[in-house]
Amino acid sequence: MKIKEWIVVEGKSDTIAVQRAVNADTIETNGSAVNESTIEQIRLAQKKRGVIVLTDPDYAGKRIRNIIRERVPGCKHAFIPREEAFRAGKPSLGVEHASPEVIRKALANVKQEMPETEATITKTDLIDAGLMAGPAAKRRREALGRLLHIGYANGKQLHKRLAAFQITKEEFAEACRRLDQEEQA
């Protein structure tokens, strides 16, 4: 599988894992301290071939993703679910621990971020779906992020992410139906 866009990852181990899964060029941020030189490299890559951001599903990965989102608008985003980014017997998680199949799936379900418009999905919709309040809200947000391929987010960030990726009410409703079915199974 050949990927034309540059894939932004956190480090060398992530590059190795991505290149085991697909034929692609990578840009490494070298951790969460994304410097100006790396931002310029990402800007140029975005202009020439496009960029897919594939960072670890942890706090540092979200921080890197947000820095890139603010500084280089219009990038695509791929997400690996937390449960598929662990290595057996190791306490760490990251892209480097994901299997080639998981990486290919994440890249096949890439999301294009669009300029934020007025959200069609309201915070009330999230509350009604059990995603912002209640004891199961976090678990439901994790599952919804997996179903929509947009990664895990807290309630407020989920609302923003649904708008940024222009998830329709219909897509949201279908994902919530699937979530309910999974819980009943």
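Placed above this text is the structure.
Presented here is an overview of the structure given in this document. The structure presented is a predicted model; accordingly, all values stated were derived computationally and were not measured.

Quick look at unusual backbone geometry
Part 1: One non-glycine residue, His-149, adopts positive backbone phi at about 60 degrees.
Part 2: Checked against the element boundaries, His-149 lands in the loop between helix H6 (137-148) and helix H7 (155-164).
Part 3: For His-149, a relative accessible area of 25% corresponds to the partly exposed category.
Part 4: Even without a glycine there, the phi angle at Gln-166 is positive, about 50 degrees.

Quick notes on the pairing of strand E1 (residues 6-9)
In the case of a regular strand, side chains alternate between the two sheet surfaces.
Part 1: One ladder, built from 3 bridges, connects E1 with strand E3 (residues 51-53); its direction is parallel. When the bridges of E3 are listed, Trp-6 appears paired with Val-51.
Part 2: Here E1 pairs with strand E2 (residues 26-28) via 3 bridges, running parallel. Residue pairing for E2: Val-9 is matched across the bridge by Glu-28.
Part 3: Where the polypeptide runs from E1 across helix H1 (residues 12-21) and back to E2, its parallel neighbour, the crossover connection is right-handed.

Looking at the nonpolar core
Part 1: In this structure, Ile-7, Val-18, Val-22, Leu-54, Ile-80, Ile-103 and Leu-107 are the most contacted members of the largest nonpolar core, which totals 20 residues.
Part 2: At the level of secondary structure, the elements contributing two or more residues to this core comprise E1, H1 and helix H4 (100-108).
Part 3: Considering every element that reaches this core, the biggest residue donor is H4, with 4 residues.
Part 4: What Ile-103 contacts, discounting residues up to four positions off in sequence, is Ala-17, Val-18, Ala-21, Leu-54, Ile-80, Val-95 and Ala-98.

A look at the packing of helix H2 (residues 36-48) against helix H3 (residues 59-71)
Part 1: It is the contact of H2 with H3, at a shortest axis distance of 11 Å, that shows an interaxial angle of 60 degrees. When the axes of H2 and H3 are compared, the pair comes out oblique. For the pair H2 and H3, the crossing hand works out as right-handed. Every residue of H3 that contacts H2 at Glu-36, Ile-39, Ile-42 and Arg-43 is listed here: Ile-67, Ile-68 and Arg-71.
Part 2: Classifying every residue of the contact of H2 with H3 gives 4 nonpolar, no polar and 3 charged.

Rules used in this analysis
- Residues numbered from 1 in each chain as written.
- Predicted model: local features only at pLDDT ≥ 70, side-chain atom pairs only at ≥ 80, totals over all residues.
- Heavy atoms only, no water.
- Helix = DSSP H or I, 4+ residues; strand = E, 2+ residues; numbered from the N terminus.
- Buried < 20%, exposed > 50% of the residue type's maximum accessible area, 1.4 Å probe, protein only.
- Pairing = 2+ DSSP bridges.
- Right-handed = clockwise from strand over helix to strand, strands pointing away.
- Core = buried A, V, L, I, M, F, W, Y, C linked by side-chain atoms within 4.5 Å.
- Contact = heavy atoms within 4.5 Å.
- Axes fitted to C-alpha atoms, helices over the stretch in contact; angles between N-to-C directions.
- Parallel < 35°, antiparallel > 145°, perpendicular 65-115°, else oblique.
- Left-handed = near helix turned anticlockwise from the far one by under 90°.
- Nonpolar A, V, L, I, M, F, W, Y, C, P; charged D, E, K, R; others polar.

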